[in-house]
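Analysis of the macromolecular model
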Amino acid sequence: MEWIDALILGIVQGLTEYLPVSSSGHLEIFKQILGIDLPEDENLMFTVIVHAATVLSTIVVLWPMFARLCRSFFTFRRGHDFDYVCKILVSCIPIGIVGVFFKKTVEEIFGAGLTVVGVCLCVTALLLLFAYLTDLRAARLGSGKGVVAASSGRDISWWDALIIGCAQAVAVLPGLSRSGTTIATGILLGDKRAEVAQFSFLMVILPILGECLLDVKDMIGGAGAGAGETGAVALIVGFVSAFVVGCGACKWMIELVKKGKLVWFAVYCVIMGVVCLLWQ
């Protein structure tokens, strides 16, 4: 992989990890466009690198909240912050089950081509549309001034956390946006849009770190693990680009959710879904 390819894929990962358009689906799309066909171990290494970069960007952008939650949890200070962290842990249970028992099945789906990506992008569009219509209905029942305020709605309950976690587990499918699915699910449940966006970004930290650790173990245990055709420069470029773009995308996405403008991504997902099906 050339450094320019790594730069493009890093930008794609950093942007689409937070925007509700599916990072895994877009990585598959751009790999085909760029004609990139890496050996399995090198593809795994690059994926781990760019995902670690987006986790780091989440922590940086949400650092004040992240640090406060960590202090509350590790010092056992019972209260809202401690319960919030526990809800994040509850939300990770479904994705943990999928990762332990269905990892091979998911990997096989990722190798099924752009047909699955196209279908899942269309499903993402439907979820975003339903969330938008839910907002409109709530606005009509409330002030009648359009999309409801970001602060309206309820706090995320324990049951909501589990349901949103189930949505995250389903969103391992390529083309089904993780952020779009979890945020839309939270909105459909009646949760505060501003809170559900932050919850969506924080809840993915543990699953991605866990997946990265498992992948690193596989790379260490695999024969011939190394940079190979990818090269150290390409890995560094991919990491830096995913991190920098991820920081901007994370902030942007939180503001978009607050303003209730996710419906435009539904239009984009439909278009890209149809393109993927026709391309395949």
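Preceding block: the structure.
Described below are features of the structure shown in this document. On a predicted model such as this, the values are computed, not experimentally measured, just so you know.

So, how was this worked out
Residues numbered from 1 in each chain as written. Predicted model: local features only at pLDDT ≥ 70, side-chain atom pairs only at ≥ 80, totals over all residues. Heavy atoms only, no water. Helix = DSSP H or I, 4+ residues; strand = E, 2+ residues; numbered from the N terminus. Contact = heavy atoms within 4.5 Å. Core = buried A, V, L, I, M, F, W, Y, C linked by side-chain atoms within 4.5 Å. Buried < 20%, exposed > 50% of the residue type's maximum accessible area, 1.4 Å probe, protein only. 1 Å grid on protein atoms, 1.4 Å probe; cavity = no way out; pocket = protein on both sides within 12 Å on 5 of 7 lines; lining within 4 Å. Points joined across faces, edges and corners; volume = space filled by probe spheres on them. Nonpolar A, V, L, I, M, F, W, Y, C, P; charged D, E, K, R; others polar. Axes fitted to C-alpha atoms, helices over the stretch in contact; angles between N-to-C directions. Parallel < 35°, antiparallel > 145°, perpendicular 65-115°, else oblique. Left-handed = near helix turned anticlockwise from the far one by under 90°.

Another point: the side chain of E17. Among the secondary structure elements, E17 is positioned in the loop between helix 1 (3-16) and helix 2 (23-34). Ignoring sequence-local partners within four residues, the contact set of E17 consists of S23, H51, T54, R178, S179, V204 and I208.

As a further point, take the nonpolar core. Residues I183, F199, L202 and M253 are the most contacted members of the largest nonpolar core, which totals 53 residues. A total of seven residues in this core trace back to one element, the largest contributor, which is helix 12 (residues 232-259). For L202, the residues in contact, after removing those within four places along its chain, are L62, M65, F66, L69, Y84 and I88. In this structure, M45, F46, V50 and A234 belong to the second largest nonpolar core, which totals 14 residues.

A few words now on empty space enclosed by the protein. Within this structure, the stated rule accounts for one cavity of 30 Å³ or more. If you add up the space inside the largest cavity, you get close to 60 Å³. L128, A131, Y132, D135, I187, R193, V257, G260, K261 and L262 together form the lining of the largest cavity. If you tally residues by element for the lining of the largest cavity, the top one is helix 7 (residues 114-141), at four residues. Per-class residue counts for the lining of the largest cavity are six nonpolar, one polar and three charged.

In this structure, S23 sits in helix 2. Those residues in contact with S23 that sit more than four places away from it in its chain are Q13, T16 and E17.

Put simply, helix 8 (residues 158-170) and helix 9 (residues 178-188) touch, their axes get as near as 9 Å, and they point 155° apart. What the angle tells us is that helix 8 and helix 9 run roughly antiparallel. For the crossing formed where helix 8 meets helix 9, the hand is right-handed. For the pair helix 8 and helix 9, the contacting residues are I163, I164, A167 and Q168 in the first and R178, T181, T182, T185 and G186 in the second. In the contact of helix 8 with helix 9, the residues fall into three nonpolar, five polar and one charged.

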